Structure formats: C-alpha cells, structure tokens
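# Tertiary structure, described
Listed below are the residues making up each chain.
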Amino acid sequence: MMERRRMDVALLVLFLVQLTTALEVPLDLLEGLPQPPTITHQSPKDYIIDPRENIIIHCEAKGKPHPSFSWTRNGTHFDIDEDPNVTMKPHSGTMVVDISRAKAEHYESVYQCTSRNKHGTAVSNNIVVQQSRSPLWSKEKLKAMVVQEGVSMVLPCRPPAGLPPPIIFWMDNNFQKLPQSSRVSQSLNGDLYFSNVLREDSRNDYICYARFPYTQTIQQKQPISVKVLNMDAINDTMAAFYNETDLFSEEPADERKPTFLIPSGPSSSKMVLRGQVLEMECIAEGLPTPEVSWIKVSGDLPAKRTFFLHYQKTLRIVNVSESDAGDYRCTARNRLGSVHHTIKVNVKAAPYWISGAPRNLVLAPGESGVLTCRASGTPKPLVTWAMNGIPIENSPKDLSRKVEDDTIIFTDVQTGSSAVFQCNVSNDYGYLLSNAFVNVLSETPRVLTPSNKVYQVIKNHPALIDCASFGSPIPKITWFKDSRASTLDGDPYIVHDNGTLEIHVAQARNSGKYTCVARNTLGNYENHVYLEVKEPTRILKQPEYKVVQRGRSVVFECKVKHDPSLIPTMTWLKDDGELPDDERLIVDSDSLAISDVTENDAGVYTCIMNTTLDHDSASAELTVVERPDPPTDLELTDQKKRSVQLTWTPGDEHNSPIQKFLIQFEDSLHHRGHWHNLTEVPGSKTTAHLKLSPYMHYTFRVLALNAVNLSRPSFPSRMFKTEPAAPDENPTGVQGLGTEHDNLVISWKPLTGLQSNGPGLHYRVMWRQKLVDSDWTTVTVANNSKFVVSGTPTFVPYELRVQAVNEQGAAAEPQTAIGFSGEDLPVAAPENVQAMLLNSTLAKVHWEPVPARSIRGHLKGYRVYYWRDRSLHKHNPHHAEKQILTFSGNHTHGMLPGLHPFSLYSFNVRLYNGKGEGPPSPTQQFETPEGVPGPPTSLLVTNPNLDSLTLEWSPPHDRNGHITGYTLKYQPVNDSNELGPLEELALPANETSVTVFSLKYSTRYKFYLNAITVSGAGPAISQEAVTIMDEAVASRQVDIATQGWFIGLMCAIALLILILLIICFIQRNKGGKYPVKEKEDAHTDPEFQPMKDDDCTFGEYSDNEDHKPLKGSRTPSNGTVKRDDSDDSLVDYGDGGDGQFNEDGSFIGQYSGKSASRETAEGHESSEAPSPINAMNSLNSFV
C-alpha cells in the first residue's frame, strides 16, 4: 500500500512539473508585481574576519514590497538597537560592527538573518563568525643536531595553530628557499625530511616560516643547526675523551633498502569529503635515495584530476568524488629493495543538490504545482521544511498543501496563499538551506523582450529570437513571420519552452519581421522583432609561410570578404600578442608589410577580421634566415707528416640549417695571401681529416654554407708546416712534335708548387728513336716545360720520358710517351684516279692510297678539286669556278654531289698531312648525262578575246639537255578560287607561243607550262588571265539604265539626299546633330546604307558589298552587255571600274576581291561631312 502511494505521488509530481516549467522569468524586471522576499546576497557559512577591521555580515534581499530585516545571535533574537557598536545599512539587512570600541572576539557567534514582507519570510544560512588568529611561536631553545653521514633525519616545524592554518616553507638567513629534491622534501605538516644526509647538508640556518594569510604576517621558528660528520671526523672528535679509542668504524652508514618515515606501518586510512582535495604522502628513508611511485589498487587514477607533488612523494586528487574511494598503494624503491604502504580512502559527502535548489513557483488561482528539494549525501541527509521561517508542522494547516518527504505538492491554490518555504538538508558533515517562494498571482501576459529589437546573425549559423514573457497563468507563445499567414512551427523553426524561436541554420530568406504573441486566459500581448541574416566573414587569401633573409622585406596578404552592411576591423597579431610599435611594420587594409627584417621579427603572424557578429583568422609563420656566422675555435690535432685533424665550433645557423663546411688553406711559403679550396664536409660534422702535401706552410680556415649563402671565413688556424720530400708524381701531358722537318720539340705540363714537394725542382728529359736499337739521351731542364731536339730525321717516332726531381730526390720512374719529329709536304699523288657517274647530279671518285713513305707526316686525308668546264648545250657559257671536297682519314673514294646535268667536269685528287698538301693527281674529265629541265624563263598572256587567249614564253635558263617539247595545261577558276577541269596540250620544242581557243567569255583561267627532255618534264611556270565580256550583255544593262522611270527615280533620290544634307549642315552650324535614328529603323532594304548620326556621312559597307554594283545593274567598262548567265566582270577584281591589263593584254588584277589601293583609300577615309556634289557622286556609284 505504501509503495503504491509513493508511486501515485511520483506521477503527480511529474505531472505538476510539466505544468510549471516556465518559471525561469526574472520577476524583478516587472514593476508593481507583489513578490515574497528572496535572499540575494549573504556572508559565507564559515566567516573568518580580520580582527583589525570592522565586522561586516552581509544580508541582502529583494521583494515587493521591499522587505524588512532582523537578526538572531546564537539562536535568539539580536536587538541591534541595544548595542551601540552595531548598525544596519539602510534598505538592507547588512550588519556592521564597529570594533574600535569593542573587541572582535566579543562578536564571535552564530548569526542568522531574516527578511520578511507581507507575502512571506526568507532566512539566511547560519553564519559562524570567527576572527583569524596568528599566535606567536613558543619560545624554545633548539639544540644543534649532529648526525652521521648517510642516515635519515627529520627537522620538525610544529607551527602554532592559527585560523586559518598557516602556510609553511623553509628558508635560510638570507630568505632564500632551501633546495629540495627527491632526497630532501617538506611534508604536509611542514616538517623537513631527509631520506639520507650528506656532508653538504651541514648548516646552521634551517629556519621554518609560517605565513598567516588573513593577517598577512610571517613568523619564524628559531634556526636549527645541523652538522653532518663522517666516521673519521667523529673518531677525531671523541678520541681525547676516550683515550683515542675508535668508537665508530671508518665506514659511513651502510647502504640500506627503503623504509617509510611517514606513514607508519603497512597500512592506514583516510577520510575525505566529496568535492574537496585529497592529499596523501609517503616519505621514505634509505641509501641510495628511494624513488616513490603510486597506484590505485582497485582501479586507475583519475588522469585529469591527479597531480604528483614533492618529487612524487605526495599524491593530490582534486574535486574528489565517490568513485575515488578505495585502496591506494605507495611504493618506495632503490636498488637494494622496496617497501609498500596501502592507504584506504573513504569518501563522505556533505549534502549536495541533485537537480539544483528548489525554484520559485508562480501560480495562478486554481492552478497546481510542486516544490522539490532533492539532495544527496553520505550518509543520507535528512530533509526538513519550514514556511516563513517556522517549521512547517507548526504552520497553519492548508488543504491545498501536502508535504511528501522532499516534495511539497500544491493543488488548487487560492489568492492570499503566497509564502516563502525553507528546505533544510543536513547530515553529519554539513547542511544546505534554500528559500523558495510560492507566489499566487493573476496577471495578463507581458512580453519582456524589447519591441522592434533587431537580431543579426551570420548565414548558416543558428538564430535565436527571444520572446521572454510573464503572465499568470503561464502564457503560450506563438510566432509569425511577415504576413502572418501561418504559425512558425516545424522545420526549420523550433519554438522552445521559454518562447525562444530557433532557426537551426539561418539563410538569407529567413530575414524579415517576426511577431511573437503571448496568450493566457486573461488576454494576449504582441511583440515585433526583426532578423537580419548576414554573409559570413571569410579570409579568401590567407597569409603564407615566409622564409626571408635578414634585411629584406616581406608582405603577408590577408584578403577578406565580409557582409557589406557590417563594419570590419582588421587586426594583426604577432605570437598571439600585439604587433610591436615599429615604423617598419606597415598595416594596410589587406596586408602587413615588414621592411628591413630583423631576427626579432620571426614568429607567427595572425590576421583577424572582426565584425560585430563574427570573425575569421588565419596565421602564417615568418622565419628570418641569414647566412651562418663563421665557425670558431679552430684546432689542429693528430698531427702527422702528411695529415692533420681539424676541428671547429659551428656558428649560429640563423634558422637555415648548415648544408656543408668548406675548408680552405693558404700556403704562405709559395702563395702567400691566396686561399685555395681543400675539401668539403657535411654540415652535420665539425671535424675533418685533411691530407696534406710536403714542403708547405699551411694555415686553414672554415666557411659554413646554408641555403642563404656562405658565411664569412673563420679566423685562421695556427700555421702547420710539412717537411719536404721527393716529388710524388711526374709531369703529365708529355708529347713530342716537330716544328720543323728536322727537329723534335718535347713538352710537358709542369708541376705546381703544391706538387713540387720540396725546393730545387727540375726535370730530367730523356728520348731515343723508336724501332732503332739506341741508348737514351738525357738532359736536365729547370724553369721550363719544353726542350727542342735538333737534327732529327723527318717524321721519325721517338720514345720520350720526363721525370721530376728536387733536392730530396726523384719521382718514380716515368711512363714512356711516343712522339714524332717534324713533318714535310707529301711527295706523291694518288694513283689510278677514276670517276663513276651515278646519275645526272652525283658522281663517285676512286683512287689508290699514297704509300706511307711518301706521306712524310700524319695522314690527315684527301681533297678532291673539281670544276664545271661548260654545259654541253651550245647556248650555255663556260664555267671555271673550282670546288673542293675534303675526306678526312685514309679514304680511297668519295662522292661528288650537286653536279649540273648535261655538263663537262674536270677534277684531280691530292693528299694532305699536318704540313700541307702534296702534288695533285693528273686532271681527268667526265660528262654528266641529261636531266630534267628548269621552268621556262617567262610566260605572258596576250590578245584576250571572247573565247581565246594567246600565250608566249621563253625557253628554260637551265635546259639540262635537249628540249624535246612543252606541255601546256589550263583550267578555269571561279569567284571562290575553285579550280575547274584541267585541259592539256602537247607543244613542239621549237614553239614559243600558242593561241588557246574555245574558252568561255569573261572567265578567269590558270595556265601551267613546263619543258621536257629525254629525262622527263621539268617544273612548270604558271600564269592567269581573263577572257573579255560579250558586248550584247553590256548593252542590255545600258538599256535598263537609260529608262526614263529609272532616271526619274534616281533624280528624286538625289534631291532628297541634297535636302537632308542642307538640313544637316544647318543643324551642325547651330551646334546640334541631326537625328536619323528613326530613318535608320524605317529602312528595311539591307543594301541601303544610312547616314551616320555624328557627321552626316554615309556609313561604310562590308568588304563584300561596298565596291560591287547593285544587283541587276552591273555596268561593264566598255558599256556593252554580254549574253551569258555569269554575273562576274573585270570590275569585281580590279582597282576601279575598269579592269587593268598589260600592254600584251594580260590581266594583272588580284583574286582576293580587294586591292591594296582600295585598302589604303578605306583606311584613310575622312570622317568629315561631304559636300552635296560628293554625295551625288557617291549615289551614282551605287546605281
């Protein structure tokens, strides 16, 4: 039965909660409404005061009408008027105690404030007032502590009890904090623990200080003196008293495994309250110093709330919850062993709200509601209720009110039943006290949101439009937009319980006027607001990462797009801070420029575009680079005869990694002041093993290279001298050549100073004739790189050697080179020279090689000299220009290309060596066969007629044989340059002209003429011509033009144009322009060209129309009309009205339909208005 009753109550409470969900309205915004008191500010429950200042106990409340205040002290009424030292602030319950005439401890009590008006009574917490205390340290005489090295030690602090407890720290006489470590650390109670002591722990100023926060006073304990002795010192000290008998061994304290100083025993327990800070410590002694670690036996440590202090010796867990209860194990470990201690943690909880404190309840007469006081704690707290400060069981009975444990249920409330209810939740560890009023009102709806308020939101962001309302009963909110066609309910709109309208993703179409209507049974209220959806702010071009060399300039671009109705503000930051105040930094509307960049300018630059609604930002890093600083500290080590180790210290790389080091040397013995590259090493190395040459005075320097440039050279190293030695190598490039036919010049590349290896460098030159059993001839040469041997036979091979020698000895045996004595001109010509014709333009020449003894030098090749004597045709002149073809190497044949057909050629062959050419072979001749002829020299068209044309030509210049005839081909060409069928005529060789008949009148033809030999037809020459027009067709066109009606029409048009031109000139003289736009629109004839509005001239025609006569009225040049269906005439291709011909009647017009002269005339056409006469002439050109 009891369970069912509880279930019914729970369902009723759930139902009533649904009815009272809109009670978050701030009632203090409404004027004139009755309201029970509400405590707005009060002093803390545990109120510690400074005894040197007046005591102020706060108590503020609101209500309508404004409430009055009273106080209790230790549970009884406190009459403030009776105490001259106590006053209460006007319109407030705050109590002020003047301690200038009284002691603060006289007012240490428990106080409670009561605030009441006619609608109810509210009470404050119990405020326990205590004054802060900072008692003095008790006087004590501390003895010096003498300890053996290696043992553990504890220096006690034991500060006086204060309120609140003091903060403890250890310092020396100079107010410097004593160093702490895993060996020496301070415990939670303030004592100083030493896991083991060392000799350096000896001092006489270990001082414990206590700082009391309320009074801001610091007190110190008497200094503690500590002296740490080893065994020898203890024996020496005690020998005088004990007849020099050793009391202690000579060894210090033995190494030992850890043991705990605190806490003691294998386990302990600790209680902590929920929400507070849990601190546990384990301090161990041992030698070596133990390390401490922590685990939670029954689970994991809360990572985000766990902290390790005092070198892992203290475990701190903040904001403790019930889940933190359990066993925690600390372990101290060194190399000799370990020790454990388990701490059992129990978590208790003072009362705390589960779903918040009870909320004020506003009900209309006849409504129902609930007050809920839901809290938890460990142990479970007790809930009690009071009404207007009186226990509810002692309050007047009310049938509309029912108390169910932590809930009061109100049903069918009536006017006048307003009251303030107090909920008190308590257990052994504290209490919660909360006031909540029930206000019974009957009010029409009101909307608290200001009318005509404008909401601005960024596109694609949520939009929240408020409609804060108040009324009793609770009003229902309805939203409309613009025309109020329908209520706003459903996608994309969400109406929240508090009346707020939400648009989850606002778009431009959501902008407009919104109306919220608040209704209850007593009336309704409308409010209008506006929503503006703005375009988002976006950075279109973000600043980019920059790497800049010091001293140069850099520009960060930040181009932004934003809503034009919003005022933007561009801000630049450097490393999330303000830009430095430096004139080198120039901020523009969309960029940041930095000139003369320094290393201090490096960092992250952020551009932020802010508007009143949103912002966007982008960042980029600036890296300032510079060539590296030169290396320093050059040092030579591992010195040997021909090597040394060089080390150095790199300089600052200036944000650009060093890629390599370049090592240079100066030889002050041979090239003082000149530095040479020796070797390179990667940028990751700072040493180099240098191989050296003998007989040099080395000084080294190092340069660093990064992506910017080489550094300046380092300071030179000290000098390192190498001893002289015999040369390591002989000269290279040894060769023997003769400059004359009877000498041999031996030359070589001399050794450098680095290669000489010692003083007195000279060369031992040796030679002998090859293939002859002879001895070496040797000479010594100094300060030279060649030697001339005279009196040698012509072009004989020699074996050559050159050896380097200095004062220390000679180099190794040199290699043997082969050289030749001087050359002479060849003495023989090639024999059996023959020519073989391959075709009319190509011949092949053969010869036998010259014997080696006759060459007298290095064979370079053969040269063929050939020339054209004459053409075999009787009309061609003689030719004598020689041509030369060179065939390098030992060839026996060669090709002669590019010969002229039907010609006589002569040729001979010569050998050449390094000295020059030998005698020519006997000259021989050959004839080339006939080839195809060249094109005829000229082709002219004469005597054009209606159906025939005469062609005249000249024979080819290059006949290349006997002309056997000509071929003439021709075909018509129409207006679009398309070619018609091709006709062909064969002509005899003795003809130079021909008349072609059966052609069409007024037709263009293209002719092709080529010559023929026995080898075939040669290339053609082409020409074009036009037959003349038929006179009958031309006369018919004249007849049309001479008709009377046609002449009259032309005269009328001319008169009309004359009148228009006169009017135009009059308008122009007045400064105006003649409007002819209406006349342009009126004409529909596409071939009628209107006048221009601006200068009264006729408009230009297109390229295809402006120089052609009107259709149906073409007039030939001779005034005749031809009987044919073709509309083409010579006028279409010439420069003017007449076709132009050469003296022989050939046509010279172009086929493009547009001559150069006409283009020139059109390109310089005047824009001035023509005279009436010119206008008439222009008209005649159309007709």
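Conventions adopted
Residues numbered from 1 in each chain as written. Predicted model: local features only at pLDDT ≥ 70, side-chain atom pairs only at ≥ 80, totals over all residues. Heavy atoms only, no water. Helix = DSSP H or I, 4+ residues; strand = E, 2+ residues; numbered from the N terminus. Buried < 20%, exposed > 50% of the residue type's maximum accessible area, 1.4 Å probe, protein only. UniProt positions renumbered as here; feature names shortened; annotations may be inferred. Patch = residues over 30% accessible without salt bridge, like charges linked within 9 Å, V, L, I, M, F, W, Y side chains within 5 Å. Areas by Shrake-Rupley, 256 points an atom, 1.4 Å probe, with all protein chains shown as cover. Salt bridge = Lys/Arg side-chain N within 4 Å of Asp/Glu carboxyl O. Pairing = 2+ DSSP bridges. Axes fitted to C-alpha atoms, helices over the stretch in contact; angles between N-to-C directions. Contact = heavy atoms within 4.5 Å. 1 Å grid on protein atoms, 1.4 Å probe; cavity = no way out; pocket = protein on both sides within 12 Å on 5 of 7 lines; lining within 4 Å. Points joined across faces, edges and corners; volume = space filled by probe spheres on them. Nonpolar A, V, L, I, M, F, W, Y, C, P; charged D, E, K, R; others polar. Expected span 1.5 Å × (residues − 1). Phe/Tyr/Trp six-rings, centres within 6.5 Å; stacked < 30°, edge-to-face > 60°. Lys NZ or Arg CZ within 6 Å of the ring centre and 35° of its normal. pLDDT = per-residue confidence, 0-100. Disulfide = S-S within 2.5 Å.

Let us now look at the side chain of Ser 434. Positionally, Ser 434 belongs in strand S37 (residues 430–440). On the accessibility criterion, Ser 434 (9% relative accessible area) is buried.

A few words on the UniProt feature "transmembrane region" (unreviewed entry) in the protein. Taken from the UniProt record, the annotation "transmembrane region" (unreviewed entry) applies to residues 1045–1066. Counted over residues 1045–1066, helix gives 100% and strand 0%. Its end C-alpha atoms are 32 Å apart.

With that settled, consider a nonpolar patch on the surface. A cluster of nonpolar side chains, contributed by Met 836, Leu 838 and Met 895, occupies part of the molecular surface with about 250 Å² of accessible area. Along the chain, the position of Leu 838 falls in strand S72 (residues 831–839). Owing to a relative accessible area of 42%, Leu 838 belongs among the partly exposed residues under this scheme.

Our focus in this paragraph is the sheet that holds strand S68 (residues 786–790). Taken together, the 3 strands give an open sheet; going across it, the order is S64-S65-S68, and neighbouring strands pair in antiparallel fashion. Only two strands of the sheet have a single neighbouring strand rather than two, namely strand S64 (732–737) and S68. Neighbouring strand axes in the sheet, compared pairwise and without regard to direction, differ in orientation by 10° on average. Direction of pairing for strand S65 (residues 743–749) relative to S68: antiparallel, over a ladder of 5 bridges.

It is worth spelling out the side chain of Ser 92 at this point. On the secondary structure map, Ser 92 appears in the loop between strand S7 (86–88) and strand S8 (95–97). The exposure class assigned to Ser 92 is buried, which follows from its relative accessible area of 7%. Contact partners of Ser 92, with chain neighbours within four places excluded, come to Cys 59, Glu 60 and Phe 69.

Where a strand is regular, its side chains alternate between the two sheet faces. Two elements, strand S57 (residues 632–637) and strand S58 (residues 643–649), share 4 bridges in a ladder whose sense is antiparallel. By the bridge assignment for S58, Thr 637 is matched with Gln 645. Adjacent in sequence and paired antiparallel, S57 and S58 are bridged by 5 residues, among which Asp 638 carries a positive phi angle near 50°.

Attention now moves to empty space enclosed by the protein. In this approach a probe as big as a water molecule rolls over the atoms, and the regions it shows empty are the leftover space. Here the structure, examined in full by the defined rule, presents 1 cavity of 30 Å³ or more. Space inside the largest cavity adds up to approximately 30 Å³. Surrounding the largest cavity, Ser 132, Arg 133, Ser 134, Leu 163, Pro 164, Phe 212, Pro 213, Tyr 214 and Thr 215 form its lining. For the lining of the largest cavity, the residue count by class is 5 nonpolar, 3 polar and 1 charged.

Summed over all chains, the structure comprises 33 salt bridges. Salt-bridge contacts for Arg 550 lead to Glu 599; the nearest nitrogen and oxygen are separated by 3.7 Å. Placement of Arg 550 in the loop between strand S48 (546–549) and strand S49 (554–557) and of Glu 599 in the loop between strand S54 (591–594) and strand S55 (603–610) is noted, with a sequence separation of 49 residues between them. On the basis of relative accessibility, which here comes to 35%, the residue Arg 550 falls in the partly exposed class. Across the salt bridge formed by Glu 799 and Arg 768, the nearest N and O atoms sit 2.6 Å from each other. With a gap of 31 residues between them, Glu 799 in strand S69 (residues 797–806) and Arg 768 in strand S66 (residues 762–769) connect regions that are remote in the sequence. Several salt bridges converge on common partners, so that one network encompasses Asp 172, Arg 203 and Asp 205.

Within the element layout of this structure, Glu 322 appears in the loop between strand S26 (314–317) and strand S27 (326–334). When the C-alpha positions of Glu 322 and Thr 378 are compared, they lie 9.3 Å apart, and in sequence the two are 56 residues distant. Apart from the residues lying within four places of it in its own chain, the contact partners of Glu 322 are Arg 274, Val 347, Ala 349 and Tyr 352.

For helix H6 (residues 1044–1069), spanning 26 residues, the distance from its first C-alpha to its last is 38 Å, which sits close to the expected 38 Å at 1.5 Å a residue. Every buried residue of H6 is listed here: Phe 1046, Met 1050, Ala 1054, Ile 1057, Leu 1060, Leu 1061 and Cys 1064.

The final tally for this structure, using the stated rule, is 20 aromatic pairs. Relative to Tyr 206, the ring of Phe 194 has its centre 5.9 Å away and its plane inclined at 80°; by these criteria the two rings are edge-to-face. Of this pair, Phe 194 sits in strand S16 (residues 192–194) while Tyr 206 sits in strand S17 (residues 203–212), placing them 12 residues apart in sequence. The residues Phe 194 and Tyr 206 share a single accessibility class, namely buried. When the ring of Tyr 905 is compared with that of Phe 926, the centres are 5.6 Å apart and the planes differ by 10°; the resulting orientation is stacked. Taken together, the residues Tyr 905 in strand S77 (residues 903–913) and Phe 926 in strand S78 (residues 924–927) connect sequence positions 21 residues apart. Judged by its relative accessible area of 7%, Phe 926 falls in the buried class. Clustering of aromatic rings is evident, with ring pairs tying together Phe 169, Phe 175 and Tyr 209. Stacked on the ring of Tyr 912, the Lys or Arg Arg 863 has its end atom at 3.9 Å from the ring centre.

So, on to the sheet that holds S77. Pairing in this open sheet of 4 strands is antiparallel, and the strands run S75-S74-S77-S78 from one edge to the other. At either end of the open sheet lies a strand with only one pairing partner, and these are strand S75 (882–888) and S78. Averaged over all adjacent pairs, the angle separating strand axes in this sheet is 25°, with direction ignored. Where S77 meets S78, 4 bridges bridge the pair, whose relative direction is antiparallel.

Residues at a pLDDT of 70 or more form 84% of the protein, whose mean pLDDT is 84. In the model, residues 1–25 has pLDDT below 50 throughout and makes 29 contacts with residues more than four positions away in sequence or in other chains. A low-confidence stretch, residues 240–251 (pLDDT under 50), is modelled with 14 contacts involving residues beyond four sequence positions or located in other chains.

Such a bond, covalent and formed between the sulfur atoms of two cysteines, is termed a disulfide. Counting across every chain of the model gives 6 disulfides. Note on cysteine connectivity: Cys 59 is disulfide-linked to Cys 113, with sulfurs 2.0 Å apart. One quick way to see it: the torsion about the S-S bond of Cys 59 and Cys 113 is about -75°, and its sign makes the bridge left-handed. With Cys 59 in strand S4 (residues 59–64) and Cys 113 in strand S9 (residues 110–117), this residue pair connects regions lying 54 residues apart in the sequence. Neither residue differs from the other here; Cys 59 and Cys 113 are each classed as buried. Bridging Cys 467 to Cys 516, the disulfide has an S-S length of 2.2 Å. Around the S-S axis, the bridge from Cys 467 to Cys 516 shows a dihedral of about 70° and counts as right-handed. Placement of the pair is Cys 467 in the loop between strand S40 (463–465) and strand S41 (469–472) and Cys 516 in strand S45 (residues 512–520), with a sequence separation of 49 residues. Across the pair, exposure class does not vary: Cys 467 and Cys 516 are buried alike.

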